[in-house]
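Chain residues, written in single-letter form:
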Amino acid sequence: MSQDHVRILSHDCLGVEAVMAETRHSFAKHTHEAFGIGFMYSGAQKSASGRGMVEAGAGNIITVNPREVHDGHPIGDAPRGWNMLYFAPDLIAHAASDLSETATDQYEFTRPVLESPTARHCFGALFDAITNGSEESARLRREEMLLMMLHHAMIGPGEPTPKSNARTAVAHARIKRAKALLDDSPTHSHSLDDLADATGLSKFQTLRDFTRVTGLTPHAYLIQRRIDLARAMIKSGDTLADIASAAGFADQSHLNRHFVRAFGLTPGRYARAFRGN
């Protein structure tokens with residue numbers, strides 16, 4: 001990427017704008033109509049915002065609220081680079097209403113800079129799900145990561161994420177219903193709404209408890225079930241293209257990527273090894 005380059009990425013997620021930038025440009029005071037959250041991967045910058053003077057560098061998560069007046073200037077001679085996501089306020093309001101026990105749709109980023117490794121992981125997964133996946137295949141992953149991103153943005157520095165307590169047995173029983181939904185129809189494009197309906201919990205509670213109980217997010221669990229289905233079909237001798245489609249993957253490359261991540265070899269190599277070729 002050149003030293004002064006801003007690129008809008010194409011994707012199919014409505015109400016979201018994805019931006020990659022690497023620039024020395026000093027931005028004048030301006031506002032956005034959207035919530036902005038991003039990851040600075042190189043360089044550093046300072047900015048005046050509605051939340052005071054801010055400095056952020058490589059490895060930091062940066063945030064901006066709708067209509068918050070801010071500017072942006074590089075620190076030093078090198079350009080700074082970031083990946084940024086801008087969300088329509090109604091998308092954030094909908095997600096935030098699920099996070100709050102009082103069912104409010106009011107949400108605001110209180111910290112302009114986040115240093116949490118977990119927040120960085122959530123943003124990376126969210127950015128990838130939005131920019132490198134079809135709506136059908138990445139829907140659940142996008143919902144998961146947006147909720148987790150907002151959740152971690154609400155946690156103060158050093159504040160622990162709430163731990164499970166005496167409700168563990170009840171959580172296991174409720175999550176068992178969500179697992180059954182995924183087990184019974186692994187090729188279906190499930191949403192967090194579907195799983196929340198099954199558990200009787202909010203979407204965030206479902207995501208949190210599912211991850212605690214199974215060790216996997218609902219999306220990761222669903223992908224594993226699809227891989228299991230693909231393995232069984234490989235053993236039956238079906239073609240890989242047919243297997244990818246029948247097992248719920250967007251295409252063969254989508255199957256390959258997840259299969260290699262799980263087992264360290266491609267489905268083709270697995271098929272040859274299994275069939276003795």
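Quick note: structure is the one above.
It should be emphasised that the depicted structure is a prediction, and the values quoted were computed from it without experimental measurement. (Residues numbered from 1 in each chain as written. Predicted model: local features only at pLDDT ≥ 70, side-chain atom pairs only at ≥ 80, totals over all residues. Heavy atoms only, no water.)

Let's hear about the sheet that holds strand β3 (residues 27-30): which residues, and what values?
Picture the strands of a sheet paired through backbone hydrogen bonds; they go either parallel or antiparallel. Taken in spatial order, the four strands make up an open sheet running β3-β8-β5-β6, and their pairing is antiparallel. Since the sheet does not close on itself, it has two edges, and those belong to β3 and β6 (52-57), each with one partner. Between one strand and the next, the sheet's axes are offset by a mean angle of 20°, whatever the strand orientation. With two bridges joining them, strand β5 (residues 44-49) and strand β8 (residues 70-74) adopt antiparallel strand pairing. (Pairing = 2+ DSSP bridges. Helix = DSSP H or I, 4+ residues; strand = E, 2+ residues; numbered from the N terminus. Axes fitted to C-alpha atoms, helices over the stretch in contact; angles between N-to-C directions.)

Describe the pattern of salt bridges, with residues and values.
One pass over the full model with this rule turns up nine salt bridges. Taking the shortest distance from any N to any O, the salt bridge between Arg 225 and Asp 183 comes out at 2.9 Å. Of this pair, Arg 225 sits in helix α7 (residues 218-235) while Asp 183 sits in helix α4 (residues 168-184), and the two are 42 residues apart along the sequence. Residue Arg 225 is classed as partly exposed on the basis of its relative accessible area, which comes to 23%. Note that Arg 208 is salt-bridged to Asp 209, the shortest N-O span being 3.3 Å. Several salt bridges share partner residues, and in doing so they unite Asp 183, Arg 225 and Asp 228 into one network. (Salt bridge = Lys/Arg side-chain N within 4 Å of Asp/Glu carboxyl O. Buried < 20%, exposed > 50% of the residue type's maximum accessible area, 1.4 Å probe, protein only.)

Any chance you could break down the environment of Asp 12 for me, citing the residues and the numbers?
Positionally, Asp 12 belongs in the loop between β1 (5-9) and β2 (16-23). Since its relative accessible area comes to 33%, Asp 12 is described here as partly exposed. In this structure the C-alpha to C-alpha distance between Asp 12 and Ile 130, which are 118 residues apart in sequence, comes to 7.7 Å. Here the side chain of Asp 12 touches Arg 142 through a polar contact of 3.0 Å, side chain to side chain. (Polar contact = N/O pair within 3.5 Å; in protein donor to acceptor, adjacent residues only side chain to side chain.)

Lay out the sheet that holds β2 in plain terms, naming residues and giving numbers.
Ordered in space as β1-β2-β9-β4-β7-β10, the six strands form an open sheet in which the pairing is antiparallel. On the outer flanks of this sheet lie β1 and β10 (113-114), each paired with one strand and no other. Inspection of the sheet shows strand β4 (residues 35-42) paired to strand β7 (residues 61-64) by four bridges, in the antiparallel sense. Residue pairing in the sheet places Phe 39 in a bridge with Ile 61 of β7. Each of β2, β4 and β9 (80-87) touches helix α1 (residues 89-99); the most contacted strand, β9, lies at about 75° to it. (Contact = heavy atoms within 4.5 Å.)

So what's going on with helix α5 (residues 192-199)? Which residues, and what values?
Of the residues making up α5, those classed as buried are Leu 192, Leu 195, Ala 196 and Thr 199. The arc enclosing the buried residues of α5, seen along the axis, measures out at 100°, which places them on a common side. Directly beyond the C-terminal end of α5, a positive phi value near 80° is found at Gly 200. (Arc of directions from axis to C-beta.)

Talk me through the packing of aromatic side chains; I want residue IDs and the actual numbers.
Geometrically, a pair of aromatic rings is defined through the distance of the ring centres and the angle of the planes. In the structure shown here, the tally under the stated rule is five aromatic pairs. Look at Phe 259 and Tyr 270: their rings are 5.4 Å apart centre to centre, the planes differ by 65°, and that puts the pair in the edge-to-face class. Here Phe 259 is found in helix α9 (residues 252-263), whereas its partner Tyr 270 is found in helix α10 (residues 267-275), with 11 residues between them in sequence. The residues Phe 259 and Tyr 270 share a single accessibility class, namely buried. (Phe/Tyr/Trp six-rings, centres within 6.5 Å; stacked < 30°, edge-to-face > 60°.)

I'd love a proper account of the environment of Ala 18, names of residues and values included.
Looking at the secondary structure, you find Ala 18 in strand β2. Judged by relative accessible area, Ala 18 falls into the buried class, the value being 1%. On a C-alpha basis, the gap between Ala 18 and Leu 85 in space is 4.7 Å, while along the polypeptide they are 67 residues apart. With sequence-adjacent residues up to four places away left out, Ala 18 is seen in contact with Arg 7, Ile 8, Leu 9, His 11, Met 84, Leu 85, Phe 127 and Thr 131.

Purely geometric numbers; function is a separate question.
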